[in-house]
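Analysis of the macromolecular model
Here are the chains, one letter per residue:
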Amino acid sequence: MTPSVRLTRRGYAVLAVAVGAFAAGTQYGPRTLDAIVLPAAVVLLAGVVQVWQTTPPTLERRLPPPDEPGTTGVVEVEVSASRPYPVTVRDRLPPGIESVDSAANTSAEASVGSAASVASADPSESTALVDATTGGDAVSYEIHRQRRGRHEIGPASVVVTDVLGLVTRTYEIDTRDTVVVYPPVQSLSESVRRELQATIRTRQTRGRSEFDTLREYVSGDALRDVHWKSSAKRNELVVREYASDPEFERLTIAAETASESGATTPTTGSAATASSDTATTPTTESAATTTTDAMATAAATVCLALVGDGVAVILETPSGSVDAAPGQTRPLLEHLASVEGGTAATEAADVRIVASAESVSIRFDGRVRDFNGPVAAGGSSAGSEEGRI
């Protein structure tokens, strides 16, 4: 935290008047000094003393819960110090997060920036400005989530101004907090959901290992499981139950990106990363970022549909793997918020999601379904409606 004391525009105006009056006083007599110079010097000195006596503040943020791009949230800011005084908080927002009042903040920032002589931030960043009182109630500002990822808010500048608005003291507070933006989740068509459920039932059938017990038949049980000999003895239908292999109770989903040529396109978080010996143009970086975001959206849509239907999943991505029990969505979304592009480590996946610059395909049981439109599926024509998600 490095405080700095500066004159505001108003303070420089008062100083200029005082200097002009002093110059006039040297020619026209000391009355000018008494009437203008001394009062100006007093108010400037009083302003410096007032802001210099402020104690260093601390800052705490309360962030909104994670959500999808395009949504808004409220960030609460609380400033504390040993004694109360009014301040203006200038909170730096990273690319991907924007203040809802960005237009008003731009105008206000110009005023505060001039008053406090704050160095300009990265052009890709925006700033949230709020007025607060140290030790008072928390204040808030609204943000607009623009991109998937983990976005770091901060550091912040806390600007103290004297009562006449002539002098400011700025405290730079290196407090940072991370806003998580999940990938958007779309609706999975009923036809594809039924196909995935069929894949799950097939796996569970393969996973039946050894006979466990007999129980009374209930509607929906497969006739192949009826134990006819025992049913004849008991004069009622009974079915076999088998011990399940836990490995077959979960569905493994791999999600990855590929370039037009089939090579993987690694990216980091919500932005592409250039290799150490190959320059990456902004256009290439933007395309890789878009492809990774599309992969994350498709993976989130498929995984959340499955866990919502009571299926446990293992999601494998270039960034690692995550297990999710039925109904458990947060681990999946947290992982996909910062997933990187590239190739998933696993080769043996029940469902594979592959995103390229042209499309996102979902592949399982020899079928191919295009996340954005129809694709050939098991030899069917590319225009088949069955291939659409």
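Scroll up a little and you will see the structure.
Here's what I pulled together on the structure shown here. For clarity, every value in this text was computed on a predicted model and none was experimentally measured. (Residues numbered from 1 in each chain as written. Predicted model: local features only at pLDDT ≥ 70, side-chain atom pairs only at ≥ 80, totals over all residues. Heavy atoms only, no water.)

Re the overall build of the protein chain
Note the cut-off: Under the scheme used here, helices are H or I runs from DSSP no shorter than 4 residues and strands are E runs no shorter than 2 residues, and both carry numbers assigned from the N terminus. Accessible area is worked out with a 1.4 Å probe on protein chains only. A residue is then buried under 20% of its type maximum, exposed over 50%, and partly exposed in between. Contacts are assigned to residue pairs with any non-hydrogen atoms lying within 4.5 Å of each other. Here the Shrake-Rupley method, with its probe set to 1.4 Å, supplies the accessible areas, and only the displayed protein chains count as covering residues.
For the protein chain, the helix and strand inventory stands at 7 helices and 21 strands. The 389 residues of the protein chain split such that 41% are buried. Partitioning the contacts of the protein chain with sequence separation of at least 6, the portion at a separation of at least 24 is 69%. Total accessible area computed for the protein chain in this model is approximately 19600 Å², and 52% of it derives from carbon and sulfur atoms.

Re the packing of aromatic side chains
Going by this rule: For this analysis, a ring pair means two rings from Phe, Tyr or Trp (six-membered ring only for Trp) whose centres lie within 6.5 Å, classed as stacked if their planes differ by under 30 degrees, edge-to-face if by over 60, and tilted for the remaining angles. Look at NZ for Lys and CZ for Arg. If either is within 6 Å of the ring centre and within 35 degrees of the ring normal, a charge sits over the ring.
Counted according to the given criterion, the structure contains 0 aromatic pairs. One Lys or Arg, R169, reaches over the ring of W52 and ends 4.2 Å from the middle of that ring.

Let's talk about the side chain of D91
To keep things clear, this is the line we draw: Contacts described as polar in this section are N or O atom pairs within 3.5 Å, which, within protein, must combine one atom able to donate a hydrogen with one able to accept it, while residues neighboring in sequence count only if both atoms come from side chains.
Locating D91 in the fold gives a position in strand 4 (residues 86-93). On the basis of relative accessible area, D91 is assigned to the buried category, the value being 0%. Of note is the side chain of D91, whose polar atom sits 2.7 Å from the side chain of R61. A distance of 2.7 Å separates polar atoms of two side chains, one belonging to D91 and the other to Y141. For D91, the residues in contact, after removing those within four places along its chain, are R61, V77, S126, T127, A128, Y141, I153, G154, P155 and A156.

Things to note about the pattern of salt bridges
Put simply, the test is: For salt bridges, the criterion is a side-chain nitrogen of Lys or Arg within 4 Å of an Asp or Glu carboxyl oxygen.
Under the definition given, this model contains 15 salt bridges. Taking the shortest distance from any N to any O, the salt bridge between R369 and E195 comes out at 2.7 Å. Of the two residues, R369 is situated in strand 21 (residues 367-370) and E195 in helix 4 (residues 190-206); the sequence distance between them amounts to 174 residues. Residues R369 and E195 agree in their burial class; the two are buried.

Notes on the sheet that holds strand 20 (residues 360-364)
Put simply, the test is: Two strands qualify as a pair provided DSSP detects at least 2 bridges between them. Axis lines are fitted to C-alpha atoms, over the contacting stretch for helices. Their N-to-C directions set the angle, which ranges from 0 to 180 degrees.
Taken in spatial order, the 6 strands line up as 18-17-14-19-20-21 in an open sheet, and their pairing is mixed. Looking at which strands have only one partner, the edges of the open sheet turn out to be strand 18 (320-324) and strand 21. Taking the axes of each pair of neighbouring strands and ignoring which way they run, one obtains an average angle of 20° across the sheet. Here strand 17 (residues 312-317) runs beside strand 18; their pairing, made up of 5 bridges, is antiparallel. Bridge assignment links V313 to a residue of strand 18, and that residue is A324. Against the sheet, helix 7 (residues 330-337) makes contact with strand 17 and strand 18, and its axis sits at roughly 160° relative to strand 18, the strand it touches most.

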